[in-house]
Amino acid sequence: MSNSKTGIQRRNMLGMVAGSAALGGLLADQAAGAQSPQPGAVNRNSAPSQLRITDMRAIRIASNYDYPIIRIDTNQGVYGLGEVRDAGNEGMALVLKPHIVGRNPLNIEPILDSVRNFTNQRRFGGGYSALDIALHDIAGKVYGVPAWR
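The following refers to the structure shown. (Residues numbered from 1 in each chain as written. Predicted model: local features only at pLDDT ≥ 70, side-chain atom pairs only at ≥ 80, totals over all residues. Heavy atoms only, no water.)

1. Focus: the environment of A130
- Mapping A130 onto the fold places it in helix α5 (residues 126-143).
- For A130, a relative accessible area of 0% translates into the label buried.
- A130 sits 45 residues away from R85 along the chain, and the two C-alpha atoms are 6.9 Å apart.
- The contact partners of A130, leaving out residues within four places of it in the chain, are I70, G82, E83, V84 and A93. (Helix = DSSP H or I, 4+ residues; strand = E, 2+ residues; numbered from the N terminus. Buried < 20%, exposed > 50% of the residue type's maximum accessible area, 1.4 Å probe, protein only. Contact = heavy atoms within 4.5 Å.)

2. Some points on the packing of aromatic side chains
- Applying the stated criterion across every chain, the model contains zero aromatic pairs.
- Taking NZ or CZ as reference, R71 lies 4.0 Å from the ring centre of Y79, over its face.
- Stacked on the ring of Y79, the Lys or Arg K141 has its end atom at 3.7 Å from the ring centre. (Phe/Tyr/Trp six-rings, centres within 6.5 Å; stacked < 30°, edge-to-face > 60°. Lys NZ or Arg CZ within 6 Å of the ring centre and 35° of its normal.)

3. Comments concerning the pattern of salt bridges
- Across all of its chains, the model carries seven salt bridges by this definition.
- Put simply, D137 and K141 hold a salt bridge, and the shortest N to O gap is 3.5 Å. Of this pair, D137 and K141 are both found in helix α5, four residues apart, which corresponds to roughly one turn of the helix.
- With a relative accessible area of 23%, K141 lands in the partly exposed category.
- Overlapping salt bridges, with partners in common, bring together D55, R57, R71, D73 and K97 in one network. (Salt bridge = Lys/Arg side-chain N within 4 Å of Asp/Glu carboxyl O.)

Here is the structure:
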């Protein structure tokens, strides 16, 4: 989709929005000494077997639609971002927080299997979708590969 007046594509806008939303957290991460992974290599700043989810937070970005974005934080300073699909409610994702805190975010399939019963295929699936995207974002950062891999 593109906005006919400005020619901004949704993907570019989401990138800018997610970047600005993560800016505060990024500054906090830099202050805590977290470093970004080196491209093409395993992140030497993390020990994947010791990685644990410590928190999940949400923010709503107001634009032509509201874009709820979640952020999953880990004990090693690596975080992942995910968008609640269909411009849903961030509460759909936050309700899953007690089921994921303390778990290794690299065990994506077991985590998603364990929370599937708390979601639905309709709009309630937006939280599941955001969790899926955020976990893949973390895995991509830890292993230094794109999230789709």
